[in-house]
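Next come the chains, spelled out residue by residue.
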Amino acid sequence: MEFWNGHNLTFPNPRDECRLRVLDVTGVPDDPAGRAPDGMSVWSGTVALAKACRSGSATAAPQPPGVDVHADLFVNGTSYGILRDALQSGAAGPLRLKCREFQAEKLSLAGIVSLLESLDPSCVRRVDLRFNNFGLPGLSVILPRLARFPELRSLKLQYSNVDVRRPTPESAIGIRCLAGQLGMLPSLRELNLGSSRLSGNLRQILCDLQSPLESLELAFCSLLPADLAFLSQSSHAAALKRLDLSGHDFSRGLLEPLRLLLEETSASLLHLDLMECRMADSHLAALLPTLLRCCRLRFLGLYGNSLSTAALKELLRQTLRLAELRLVVYPVPADEERGEEELPEIWRMLEECGRTDLVWTRNPYGHGALDYFSL
């Protein structure tokens with residue numbers, strides 16, 4: 001047997017040696033708490049896998065040709081040492097870890113650099129370094145290590161403690177360095193800079209990218225009208241499939257730049273997050289004609305906005321024409337007093353219109369929002 005991915009078996013010529021060569025355990029489904037179906041967390045799953053690979057490499061007896069184990073690796077301070085040892089000692093062992101997606105939380109700068117340098121560069125498609133508080137100086141140390149991953153398409157740097165709202169000579173140098181290092185990633189198509197305070201600096205940060213982004217997550221980034229204007233005029237706009245602008249105040253000067261941006265992304269956009277954006281009925285009404293031009297839209301997130309029941313019903317009626325729309329996360333209506341979990345009127349309207357394929361929910365979590373690689 002040459003390949004197993006948990007679903008399909010491929011059998012070689014009967015004259016060949018029957019031997020497992022590749023074990024694919026990537027994409028093990030987990031719930032929002034990070035737990036796999038058998039109750040094991042994705043974090044402890046990485047530990048178990050690392051221990052298996054490490055123990056195999058410690059065997060002194062001669063070994064047959066090894067097995068490439070393709071996996072998504074999740075690491076924190078508790079599991080760091082075990083995974084580091086498995087990566088550094090396992091290259092010649094019977095089980096060789098090949099990382100597809102790498103996620104690290106709350107690790108030291110030196111620890112992340114050590115792990116990145118130990119990964120096989122040929123397989124990595126995503127690096128997720130959330131909650132690591134590096135700031136621009138730390139990112140300038142990490143990002144050069146990513147240039148060795150030719151297939152890296154997704155980079156997530158949310159909660160990295162980047163704040164360039166008040167320009168200084170040091171921040172200007174840091175931004176130029178960040179832009180240049182992002183420009184060294186030729187396959188990059190998804191970028192998440194969530195909770196970085198980027199006011200007025202988006203053009204400078206994205207200016208060296210080699211190709212247009214298809215997924216851009218800028219939640220709570222303190223963007224200015226000039227940042228959205230840049231996006232709408234850039235090569236990224238027509239390529240964007242996923243856009244997250246949650247946490248911005250669209251009740252003021254950002255609404256018209258947002259409308260213009262959505263016009264430019266309307267032919268490609270599949271996923272739009274506008275959660276906690278201080279939108280009231282009048283703002284949604286102004287945006288609705290442009291939203292209806294997003295003919296491929298599958299997901300719309302409006303949780304945390306101050307919208308009335310009447311506005312939500314009108315949104316439902318109007319968006320029924322979006323044939324590919326499958327999920328809307330809507331807020332608790334501003335005029336609701338009963339505190340019901342969902343609006344029964346919404347369900348009745350969906351049934352009456354024959355759109356039982358369309359889900360409206362107040363739950364912003366656990367609904368399987370589209371990942372970039374599933375778009």
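Computed from a predicted model, the values in this text were never measured in an experiment. (Residues numbered from 1 in each chain as written. Predicted model: local features only at pLDDT ≥ 70, side-chain atom pairs only at ≥ 80, totals over all residues. Heavy atoms only, no water.)

### Remarks on the pattern of salt bridges
This is how it is decided: Between Lys or Arg on one side and Asp or Glu on the other, a salt bridge is scored when a side-chain nitrogen of the former is within 4 Å of a carboxyl oxygen of the latter. Runs of E in the DSSP output that reach at least two residues are strands. Runs of H or I that reach at least four are helices, and both are numbered from the N terminus. Three exposure classes are used, based on accessible area relative to the maximum for each residue type with a 1.4 Å probe and protein chains only: buried under 20%, partly exposed in between, and exposed over 50%.
Enumeration according to the criterion identifies 26 salt bridges in this entry. Residues Lys98 and Asp120 are paired through a salt bridge, measuring 2.5 Å at the closest nitrogen-oxygen approach. Highlighted residues: Lys98 in strand 5 (residues 95-104) and Asp120 in the loop between helix 3 (109-118) and strand 6 (126-128), separated in sequence by 22 residues. Its relative accessible area of 16% is what places Lys98 among the buried residues. In this structure, Arg242 and Glu217 form a salt bridge, with 3.9 Å as the shortest nitrogen-oxygen distance. Pair noted here: Arg242 is in strand 10 (residues 242-244) and Glu217 is in strand 9 (residues 215-217), with a separation of 25 residues, a long-range link. Taken together, the salt bridges that share partners define one network made up of Asp72, Arg100, Glu101, Arg125, Arg126, Lys156, Glu190, Glu217, Arg242 and Asp371.

### A look at the packing of helix 10 (residues 309-319) against helix 11 (residues 344-352)
What counts is decided by this rule: What counts as an axis is a line fitted to C-alpha atoms, over the stretch in contact for a helix, and the angles between N-to-C directions run from 0 to 180 degrees. Note on terminology: angles under 35 degrees are roughly parallel, angles over 145 are roughly antiparallel, angles of 65 to 115 are roughly perpendicular, and the others are oblique. Handedness of each helix crossing follows the sense of rotation of the near helix against the far helix: counterclockwise by less than a right angle gives left-handed, clockwise gives right-handed. It only takes one pair of heavy atoms within 4.5 Å for two residues to be counted as in contact. As a working rule, the residues Ala, Val, Leu, Ile, Met, Phe, Trp, Tyr, Cys and Pro are called nonpolar, Asp, Glu, Lys and Arg charged, and the rest polar, with Gly in that last group.
Direction vectors running N to C along helix 10 and helix 11 enclose 15°, while the axes themselves pass 11 Å from each other. Considering the angle they form, helix 10 stands roughly parallel to helix 11. Two packed elements cross with a definite hand, and for helix 10 against helix 11 that hand is right-handed. Of the residues in helix 11, those touching helix 10 at Lys313, Leu316 and Arg317 are Glu345, Ile346, Met349 and Leu350. Looking at the contact of helix 10 with helix 11, its residues break down into four nonpolar, no polar and three charged.

### Things to note about the pairing of strand 5
Quick reminder of the rule: When DSSP finds two or more bridges between two strands, those strands count as paired. The definition of a right-handed crossover adopted here requires that, viewed with the strands pointing away, the path from the first strand over the helix to the second runs clockwise.
Counting buried positions along strand 5 gives seven out of 10 residues, so the element sits mostly inside the fold. Two elements, strand 5 and strand 6, share three bridges in a ladder whose sense is parallel. Bridge pairing in strand 6 links Gln103 to Asp128. Running through helix 3, the crossover from strand 5 to the neighbouring parallel element strand 6 is right-handed.

What is shown is where atoms sit, not what they do.
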